[in-house]
Amino acid sequence: MVVKDELTKLGLHYAVVELGEAEILEKISTQQHDQFRDALLRSGLELMDDKKSMLIEKIKNVIIELVHYSEEPLGIKLSEFLSQKLNHDYTYLANLFSEVQGTTIEKFYISHKIERVKELLVYDELNLTEIAYLMHYSSVAHLSTQFKKITGLTPSHFKQLRAKRRNMLENL
């Protein structure tokens, strides 16, 4: 909504405004561009002109959408999924992402999966088997191994620490 409002204020017409992307129908002047960038910055948003930066943001958004908002199993490798979704060769995507982000797409994906697992553990609505299934792990052991590798804790220990901290806060 902020992007649409700012475009309208500048008298610019748009075809599409989606997460991370806006298609403006006319040529935008340097002055309008600068005003738009400044207005977005005041709202806590950033204008990205660089095609490589935009592609990296798209990779991140696709992975975040996949991990946090989709319950459907991929059915294909992550590399194939990203290539199809973003219409680029995976090797190009992987090299670009690693070069700019300092980490691999795979590590970014895994860290988001583990963050999602932490959320689910804190909510305490699902057991570890259900979480492993929901997050498309082949087994609870695989989830636990990956969780410990990333956090240094087992899922059970993480859950106990959260419960202990909550009890300490309640006693204040």
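As the structure is a computational prediction, the values presented were derived from the model and not from experiment. (Residues numbered from 1 in each chain as written. Predicted model: local features only at pLDDT ≥ 70, side-chain atom pairs only at ≥ 80, totals over all residues. Heavy atoms only, no water.)

K.L.:
Mind showing me how you'd approach the overall build of the protein here?
P.N.:
Summing up its helical and strand segments, the protein has 9 helices and 2 strands in all. Listing every helix and strand of the protein by position from the N terminus yields α-β-β-α-α-α-α-α-α-α-α. Scaling as 2.2 N^0.38, a compact globule of 172 residues should have a C-alpha radius of gyration of about 16 Å, whereas the protein reaches 21 Å, well beyond that. Projected onto its principal axes, the C-alpha coordinates of the protein cover approximately 55 × 45 × 30 Å. When burial is assessed residue by residue, the protein has 27% of its 172 residues classed as buried. Nonlocal contacts in the protein, meaning residues at least 24 apart in sequence, comprise 46% of its contacts between residues at least 6 apart. (Helix = DSSP H or I, 4+ residues; strand = E, 2+ residues; numbered from the N terminus. Rg over C-alpha atoms; globule rule 2.2 N^0.38 Å. Buried < 20%, exposed > 50% of the residue type's maximum accessible area, 1.4 Å probe, protein only. Contact = heavy atoms within 4.5 Å.)

K.L.:
Help me understand the nonpolar core, please; the structure alone is not making it clear to me.
P.N.:
Within soluble globular proteins, side chains that are nonpolar generally end up buried alongside one another. Membership of the largest hydrophobic core comes to 30 residues, with the highest contact counts inside it found for Ile63, Leu82, Ile105 and Val117. The leading source of residues in this core is helix H6 (residues 105–123), at 8 residues. Those residues in contact with valine 117 that lie beyond four places of it in its chain are Ile131, Met135, Tyr137, Leu143 and Phe147. Among the nonpolar cores identified, the runner-up in size contains 5 residues, and Leu7, Leu12, Phe36 and Leu40 belong to it. (Core = buried A, V, L, I, M, F, W, Y, C linked by side-chain atoms within 4.5 Å.)

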